[in-house]
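# Close look at the chain arrangement
The chain contents come next:
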Amino acid sequence: MAKKILFINQEISPYVPETTLSVMGRDLPSKMQEEGFEIRTFMPKWGNINERRGQLHEVIRLSGMNLVIDDTDHPLIIKVASIPQTRLQVYFIDNDDYFMKRKMATDENGEEYEDNGERAIFFARGVLETVKKLRWSPEVIHCQGWMGYIVPLFIKTAYKDEPTFAGTKIVTSIFSQGLTKKIGDNFKRCLEFKDITEESLSDYKDDFDFIEMCKLAIDHSDAVVEAEADTYPELIEYAKSKGIEVLPYSGEGANDAYKAFYESL
């Protein structure tokens, strides 16, 4: 029976411009699908995505849920499209406040959004609630990009008793593309959900930044991938110091390494 892999991607080409992250977001799931794995792929519906050109359409049966973050209701909208030539279907997490009217990590002036942390929390919960609705249980969840770095925490804590994610292995890829500003003073409070409390996050700095977010992801992952050469060596060493398996940078055309890696989990 084919192994089921859920890819939670920050960026996927051709919906956003080509970067190392967006090309990997497209190519790795596509190649693993060709290798016989059963794949589901998610990304945020960034405001700079052209819905008409990308042929996105809303999935009414999956939309309509409200997610509460910091005592505020945020409606969840799910859209879907297929990448031409690859047969890869992509689910998009959308919301008027967090995504629809806004660009990616930075605004029109190149300034990082103050609530990027909240956007990542909404995205993580939106993906996991949608996967539950799909009645599809992934054996591996692979998070690529900081927008997915809240997922490992949720899977290992708030969602640990969900049958959908029973036995799921979590993989986090570390890329050179990150954030430079603090994620927000109220980030820990916004993370509170079920048994996640500010107290349970006391090992982390109150002033969350990108490195702290990476450590949060690594601490709750089963394995870590060095997605680019010499990417944040201190984070790769941090993962190793925690006894977490690390897949070193495999160079171009690393499909065989990834396939063997997934099969070993």
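Quick look at the structure, then.

Reading the values: rules and limits
- Residues numbered from 1 in each chain as written.
- Predicted model: local features only at pLDDT ≥ 70, side-chain atom pairs only at ≥ 80, totals over all residues.
- Heavy atoms only, no water.
- Buried < 20%, exposed > 50% of the residue type's maximum accessible area, 1.4 Å probe, protein only.
- Helix = DSSP H or I, 4+ residues; strand = E, 2+ residues; numbered from the N terminus.
- Polar contact = N/O pair within 3.5 Å; in protein donor to acceptor, adjacent residues only side chain to side chain.
- Core = buried A, V, L, I, M, F, W, Y, C linked by side-chain atoms within 4.5 Å.
- Contact = heavy atoms within 4.5 Å.
- Axes fitted to C-alpha atoms, helices over the stretch in contact; angles between N-to-C directions.
- Left-handed = near helix turned anticlockwise from the far one by under 90°.
- Nonpolar A, V, L, I, M, F, W, Y, C, P; charged D, E, K, R; others polar.
- 1 Å grid on protein atoms, 1.4 Å probe; cavity = no way out; pocket = protein on both sides within 12 Å on 5 of 7 lines; lining within 4 Å.
- Points joined across faces, edges and corners; volume = space filled by probe spheres on them.

### Brief notes about helix α7 (residues 210-219)
Of all ten residues in α7, seven are buried, a share of seventy percent or more. Looking at α7, one finds that the buried residues are F210, E212, M213, C214, L216, A217 and I218. Near the N-terminus of α7, the side chain that reaches the backbone nitrogen of I211, with its oxygen 3.3 Å away, is that of D209.

### Some points on the nonpolar core
Ranked by internal contacts, the top residues of the largest apolar core, which has 95 residues, are Y15, I150, F154 and Y262. Per-element tally for this core: the top contributor is helix α4 (residues 116-134), with nine residues. Once you skip the residues sitting within four places of it in the chain, Y262 turns out to touch K3, I5, F7, L28, M32, F37, V140 and H142.

### Focus on the packing of helix α1 (residues 20-34) against helix α9 (residues 255-264)
Packed helices, taken two at a time, are described by the angle their axes make and the gap between the axes. In the contact formed by α1 and α9, the axes pass within 10 Å of each other and the chain directions differ by 65°. Crossing of α1 over α9 shows right-handed handedness. Taking contact as the criterion, the partners of M24, L28, K31 and M32 in α1 are, on α9, N255, Y258, K259 and Y262. Looking at the contact of α1 with α9 residue by residue, the class counts come to five nonpolar, one polar and two charged.

### Observations concerning the layout of surface pockets
In this structure, the second largest pocket encloses a volume near 230 Å³. Lining the second largest pocket we find P14, Y15, N48, I49, N50, R53, G54, Q55, S82 and P84. A class-by-class count of the residues in the lining of the second largest pocket yields four nonpolar, five polar and one charged.

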